[in-house]
Amino acid sequence: MVPVVGPAGPDRQRPRRMDWPANSLLGMLAEPTRAEFVALGSYREFASDEVLLREGDATSFVVLLLSGWVKVTATTENGGFALLAIRHGGDLVGEQAGLDGEPRSATVTAAGAVLAKVVSLEAFLAFLRAHPDANRPVLQSVSAKLRNSTRRRVEFSGCTVAMRLARVVCELERSYGAGAPDGTGRRVQIALTQPELAALVGAAEPTVHKVLRELRQQGIVDTRYRAIVIRDMDALYQAAGITRDP
């Protein structure tokens, strides 16, 4: 069953174009097509830590994120969890189960307040049939997710935990970075607990805690409750072993 709520307020009926990054699905769609996509389905507001999609569920609707961030997690063989990805406004989630008919492969949880449109599979497929120009951006979006997953596995192979952590923080800053409140450095805008950060790095929490402490002592980052501020970007990229884009 597709969850529904009443319409959002007038200021949320037409989310601004600037809210969606160019590399997101909504950012890649042409304006007329994007407007029709956003018009599909029902508005739904999710509170922080509320589940949008649950691993193992046999549901097929898709969720179009309009604002906010979500965390994508999956259960590991030993009963723990792996943080697979983070998605933001402009992205589509849940399309894999909708398209292949299999149960949900991951849980999607709101990281802060999220505004979304919940769209039935039938309406989503009808939209793709009516708008052939949307097919390529949708495929590009799915391909980018697969590429990022593969790239992370390859890059992390043989890396130390310190290097993996630095690379994850660099990646988070590229996607979710903003100026630090005090004007010095860059802040990762999405809130992550240390267990979630450890899951994203693929390492034990005490090890990640130790590496973070070392980065703080070196003046590379500051960490607070669910917050990371990068003070020395060049040093962070050096610790990650990657070249910073000019």
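Please refer to the structure higher up on the page.
Notes on the structure in this doc start here. (Residues numbered from 1 in each chain as written. Predicted model: local features only at pLDDT ≥ 70, side-chain atom pairs only at ≥ 80, totals over all residues. Heavy atoms only, no water.)

Time to look at the side chain of E173. Checked against the element boundaries, E173 lands in helix 6 (residues 161–176). When residues no more than four places from it in sequence are discounted, the contact partners of E173 are R186, V188, I230, M233 and Y237. (Helix = DSSP H or I, 4+ residues; strand = E, 2+ residues; numbered from the N terminus. Contact = heavy atoms within 4.5 Å.)

The next subject is the pattern of salt bridges. Tallied over the full model, the rule gives eight salt bridges. Two residues, R34 and E31, come together in a salt bridge whose shortest N-O distance is 2.5 Å. You can see R34 and its partner E31 sitting in helix 2 (residues 31–38), three residues apart, about one turn around the helix. Among the residues examined, R34 registers a relative accessible area of 6% and is labelled buried. E31 sits in the partly exposed class, given a relative accessible area of 44%. Across the salt bridge formed by D234 and R244, the nearest N and O atoms sit 3.0 Å from each other. A residue pair is termed long-range when its members are at least 10 positions apart, and D234 in helix 9 (residues 233–240) and R244 in the segment after helix 9 qualify at ten residues. One network of salt bridges, with partners in common, ties together D182, D222 and R231. (Salt bridge = Lys/Arg side-chain N within 4 Å of Asp/Glu carboxyl O. Buried < 20%, exposed > 50% of the residue type's maximum accessible area, 1.4 Å probe, protein only.)

Where helix 6 meets helix 7 (residues 194–201), the closest approach of the two axes is 9 Å, and the angle between their N-to-C directions is 105°. Put simply, helix 6 runs roughly perpendicular to helix 7. Where helix 6 abuts helix 7, its residues V161, R164, L165, V168 and L172 lie against L197, L200 and V201. In terms of residue class, the contact of helix 6 with helix 7 is made up of seven nonpolar, no polar and one charged. (Axes fitted to C-alpha atoms, helices over the stretch in contact; angles between N-to-C directions. Parallel < 35°, antiparallel > 145°, perpendicular 65-115°, else oblique. Nonpolar A, V, L, I, M, F, W, Y, C, P; charged D, E, K, R; others polar.)

The next subject is the pairing of strand 3 (residues 62–67). Taken across its six residues, strand 3 has five buried, putting it largely inside the fold. Here five bridges tie strand 3 to strand 8 (residues 114–119), and the two strands are oriented antiparallel to one another. Bridged to S67 within strand 8 is L115. Pairing geometry for strand 3 and strand 6 (residues 92–93), over two bridges, is antiparallel. Its bridge partner being in strand 6, L64 is matched across the sheet by L92. (Pairing = 2+ DSSP bridges.)

Before going further, it helps to spend a moment on helix 6. Over its 16 residues, helix 6 extends 22 Å from the first C-alpha to the last, a length consistent with the 22 Å expected when each residue adds 1.5 Å. Those residues of helix 6 that sit buried are V161, R164, L165, A166, R167, V168, V169, C170, L172, E173 and Y176. (Expected span 1.5 Å × (residues − 1).)

Okay, the layout of surface pockets next. Quantified by volume, the largest pocket comes out at close to 1500 Å³. If you go around the largest pocket, you meet 50 residues; those closest to its centre are L84, A85, R87, K145 and N148. Broken down by secondary-structure element, the contributors of at least two residues to the lining of the largest pocket are helix 1 (25–28), strand 5 (81–88), helix 3 (95–100), helix 5 (135–156), helix 6 and helix 7. If you tally residues by element for the lining of the largest pocket, the top one is helix 5, at twelve residues. Along the lines of polarity and charge, the residues of the lining of the largest pocket split into 25 nonpolar, twelve polar and 13 charged. (1 Å grid on protein atoms, 1.4 Å probe; cavity = no way out; pocket = protein on both sides within 12 Å on 5 of 7 lines; lining within 4 Å. Points joined across faces, edges and corners; volume = space filled by probe spheres on them.)

Function cannot be inferred from these measures alone, as they are strictly geometric.
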